[in-house]
Amino acid sequence: MMVRAAILGLCACLLLLGPLMLSESYVTVLNYIGLYSIVVIGLVLLTGIGGLISFGQAAFVGIGAYATAYLTTVYGLSPWITLLVGIVLSAIAAWLIGGLTLQLGGHYLPLGTLAWGLSLYFLFGNLNFLGGHSGISALPKLDIFGYQVASLRSFSYVVWTVAIGTLWLAHNLLSSREGRAIRALKGGKLMAAAMGVDIARSKIIIFVIAAVLAAISGWLYAHLQRFVNPTPFGLHYGIEYLFMAVVGGAGYIWGAFLGAGVITVLKELLSDLLPKLLGQNGHFEGIVFGILIIALLQCAPDGAWPFFRRLLPARNVKTPQPRSDRPLPRRQAPAGKALLLDVENATKQFGGLIAVNRVSLKLHAGEILALLGPNGAGKSTMFNLISGALPATSGEVRFLGQRIDRLEPHKIATLGISRTFQHVKLMPELSALENVAIGAHLRGRAGILRSALHLERAEEHQLLAEAARQIERVGLARHMHAPAGSLALGEQRILEIARALASDPSALLLDEPAAGLRHLEKKTLAELLRKLREEGMGILLVEHDMDFVMGLVDRVVVMEFGEKIAEGLPEEIRRNPVVLKAYLGGVE
């Protein structure tokens, strides 16, 4: 703890005293590290945490810089007004560009960012009213409460105040309901959508946030230099920002400062040192810089921040038990034995393969229905049709009378359907508590701004308290603050059930929940499911453990090769010769 405090104190002293005591060349480097860090924090959110690669962030820096340069010099507007204009322009541009670009997948997304990054760069240089390639000069100095920020040293305090403020906002956002949705974009989209997260909305939100942060950095840069031309907003700068995020640790907010510092200082050192060693001709610093970056990433593929953090003593902070005096509101339970789920002739075809062929089933409130069949029978595909993960080729799926087979998964989740998965889908680096809190996402209302400003604490306590209640309910309280990836497979499956319950569903779809559980754990799970049935919840269950299923469920539907071959009470299914032949190995 003392070492951490000493390091933080040293950094604070550097930021407070550095601009006063360092030479102007070092203050310039310090300022650029701060400016770059603001952009890189946006890239950490977008790329490292959200999984969306962008090479075009320098173009958004240009939007912020040119907006203030043009409006202050031509129309005499206050720089503070032009800051708002630049933020709005960058947000609109990001919303329009993101609406098109973010629909691309795989390698097409980064290629798309290259395209619009180049386009905006050439646009800046070819518009005469923006000064062409000569740019715009004589920008006014910043004025803060009557004090002119005239010197390089005083401007350093402005830059770093904004940079630290950006860090605070980003940290608040990531520790909120909206932050958990953003974290789920990288590798957990199917799960997050099933829990009520609007994936398309979350993507565009972090794209706009990254663009706005870049524009703010551009605004600061313009008034620091008091001159703007297209050069700092080219594609090579966009690639360099991405390098900073990767080198620092793309998944870590603090890595933005480390990456910006390493790249900036390394460039300065190489540009000064190499000409003395190798002569003035040639750009050897670019070659050596590239080799050093490759070597760094080979040694630390997750960036430098995790390595740096391991050198520090571990923090001994005990996470408090989440509590709230005001529980989250519950949805109204369906009356009696109401028909929850009505699937009529559902069909799913992949090219020439018919995975589900005209299957019908009904699930009532207060009922456990088992969906059985050998591997490849189409059971998980049926789950995906019901939850919206796959669109049906034909047929209808209705929930409480409303047709849902054309709805997106997050909209289906809001109606009261929740699910688990055949292959566990957890976020291993997050705690069990945070994973289950994702299930309560649709029960919260706080948006991005409230989350970033830390104004959603009351609701966040409610969400975490609900997540804790569900973890205790399934018997995993001792693992509440452990990383989900450290749990055994059976415990992870139970944790998925807790996450599904956190959404307060009327219908629960469980895909092989008993797989990997020991005998006593299966008995505990069966008791939980019986209790949920008594509370009026409808449960659709896929499972291969026949002993577990037959002693638990009310009715059974059996599938083979995508078709329903039997339906009835458990004892009827046990004696059904068609089922015995298809699923249990046949009869004499």
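About the cut-offs
- Residues numbered from 1 in each chain as written.
- Predicted model: local features only at pLDDT ≥ 70, side-chain atom pairs only at ≥ 80, totals over all residues.
- Heavy atoms only, no water.
- Helix = DSSP H or I, 4+ residues; strand = E, 2+ residues; numbered from the N terminus.
- Buried < 20%, exposed > 50% of the residue type's maximum accessible area, 1.4 Å probe, protein only.
- Areas by Shrake-Rupley, 256 points an atom, 1.4 Å probe, with all protein chains shown as cover.
- Contact = heavy atoms within 4.5 Å.
- Pairing = 2+ DSSP bridges.
- Axes fitted to C-alpha atoms, helices over the stretch in contact; angles between N-to-C directions.
- Patch = residues over 30% accessible without salt bridge, like charges linked within 9 Å, V, L, I, M, F, W, Y side chains within 5 Å.
- Salt bridge = Lys/Arg side-chain N within 4 Å of Asp/Glu carboxyl O.
- Parallel < 35°, antiparallel > 145°, perpendicular 65-115°, else oblique.
- Left-handed = near helix turned anticlockwise from the far one by under 90°.
- Nonpolar A, V, L, I, M, F, W, Y, C, P; charged D, E, K, R; others polar.
- Core = buried A, V, L, I, M, F, W, Y, C linked by side-chain atoms within 4.5 Å.
- Phe/Tyr/Trp six-rings, centres within 6.5 Å; stacked < 30°, edge-to-face > 60°.
- pLDDT = per-residue confidence, 0-100.

**As for the overall build of the protein**
A tally of regular secondary structure across the protein gives 23 helices and 14 strands. For the protein, the spread of C-alpha atoms along the principal axes amounts to about 90 × 55 × 50 Å. Buried positions account for 54% of the 588 residues belonging to the protein. For the protein, the accessible surface area stands at approximately 26,700 Å², while carbon and sulfur atoms represent 62% of it.

**Thoughts on unusual backbone geometry**
The phi angle at R358 is positive, at roughly 50°, despite the residue not being glycine. Along the chain, the position of R358 falls in strand β6 (residues 353–364). Located in the positive-phi region is E512, a residue other than glycine, with phi close to 55°. For E512, the location among the structural elements is in the loop between β11 (507–511) and α20 (519–534).

**What to know about the environment of V149**
Mapped onto the secondary structure, V149 falls in strand β3 (residues 147–149). V149 sits 74 residues away from H223 along the chain, and the two C-alpha atoms are 9.5 Å apart. Each residue touching V149, except ones within four places of it in the same chain, is listed here: K141, L142, I144, S154, F155 and V158.

**So, the sheet that holds strand β5 (residues 339–350)**
Taken in spatial order, the 4 strands of this open sheet run β6-β5-β8-β9, and their pairing is antiparallel. The open sheet is flanked by β6 and β9 (402–403), the only strands paired with a single partner. Sheet topology places β5 next to β6; 8 bridges connect them, and they run antiparallel. Within β6, the residue paired with L341 across the bridge is L363. Sheet strands in contact with helix α14 (residues 379–387) are β5, β6 and β8 (394–399), and its direction is about 115° off that of β5.

**A few points about the environment of G416**
Mapped onto the elements of the fold, G416 is located in the loop between α15 (409–415) and β10 (417–419). Since its relative accessible area comes to 1%, G416 is described here as buried. In sequence terms G416 and I354 are 62 residues apart; their C-alpha atoms lie 29 Å from each other. The contact partners of G416, leaving out residues within four places of it in the chain, are R331, F399, P505, S506 and A507.

**Observations concerning a nonpolar patch on the surface**
A grouping of W168, L169, L449, L453 and L455 is seen on the molecular surface, where their side chains present a nonpolar patch of about 500 Å² in accessible area. Tracing the chain through its elements places L169 in helix α6 (residues 152–174).

**Here's the deal with the packing of helix α16 (residues 432–439) against helix α19 (residues 489–501)**
With their axes 6 Å apart at the nearest point, α16 and α19 run at an angle of 40° to one another. The pairing of α16 with α19 is recorded here as oblique in orientation. The handedness of the crossing between α16 and α19 is right-handed. Together, A432, N435, V436 and G439 of α16 and L495, A498 and R499 of α19 make up the contact between the two elements. Taken together, the residues that form the contact of α16 with α19 break down as 4 nonpolar, 2 polar and 1 charged.

**Topic: the nonpolar core**
Ranked by internal contacts, the top residues of the largest apolar core, which has 100 residues, are I41, F60, F207, V228, F233, Y241 and I253. In terms of residue count, helix α9 (residues 199–225) provides more of this core than any other element does, 18 residues in total. F207 has contacts with L46, F60, A94, I97, G98, L102 and W116, leaving out every residue within four places of it along the chain. Core analysis: the next-biggest nonpolar cluster, separate from the first, contains 51 residues, A500, L528, V549 and I573 among them.

**Description of the pattern of salt bridges**
Under the criterion given, the structure shown has 24 salt bridges. A cluster of three or more residues bridged by salt bridges with shared partners is formed by E396, R398, R403, D405 and R406.

**Examining the packing of aromatic side chains**
One pass over the structure, following the stated rule, counts 18 aromatic pairs. Geometrically, the ring pair formed by F60 and F207 is edge-to-face, given 6.1 Å between the ring centres and 85° between the ring planes. You can see F60 sitting in helix α3 (residues 57–74) and its partner F207 sitting in helix α9, a full 147 residues away along the chain. Take F207: its relative accessible area is 2%, and that puts it in the buried class.

**Considering the sheet that holds strand β12 (residues 538–542)**
Reading across the sheet, the 6 strands line up as β10-β11-β12-β7-β13-β14 and stay open at both edges, with mixed pairing between neighbours. Edge positions in the sheet fall to β10 and β14 (563–568), since each has one partner strand and no second. With strand direction ignored, the average angle separating the axes of adjacent strands in the sheet is 20°. Of the strands in this sheet, β7 (368–372), β10, β11, β12 and β13 (555–560) are in contact with α14, which crosses β11 at around 150°. On top of the sheet, α19 reaches β10 and β11; it is set at about 160° to β11, its chief contact.

**Regarding the environment of V579**
Mapped onto the fold, V579 is located in helix α23 (residues 577–582). What makes V579 buried here is its relative accessible area of 2%. Along the chain, V579 and G117 lie 462 residues apart, while their C-alpha atoms are 60 Å from each other.

**A closer look at the side chain of R533**
With respect to the helices and strands, R533 occurs in helix α20. R533 has contacts with G366, E367, I368, L552, V553 and D554, leaving out every residue within four places of it along the chain.

**Regarding the confidence of the model for the protein**
Per-residue pLDDT for the protein has a mean of 90; in total, 94% of the residues score no lower than 70. The secondary-structure element of the protein with the lowest mean pLDDT is helix α12 (residues 284–299), recorded at 76, while α3 shows the highest, at 97.

**Regarding the pairing of β5**
One face of the sheet, then the other: side chains in a regular strand alternate in exactly this way. Both β5 and β8 contribute to a ladder of 5 bridges, which runs antiparallel. Bridging across to β8, L341 finds its partner in F399.

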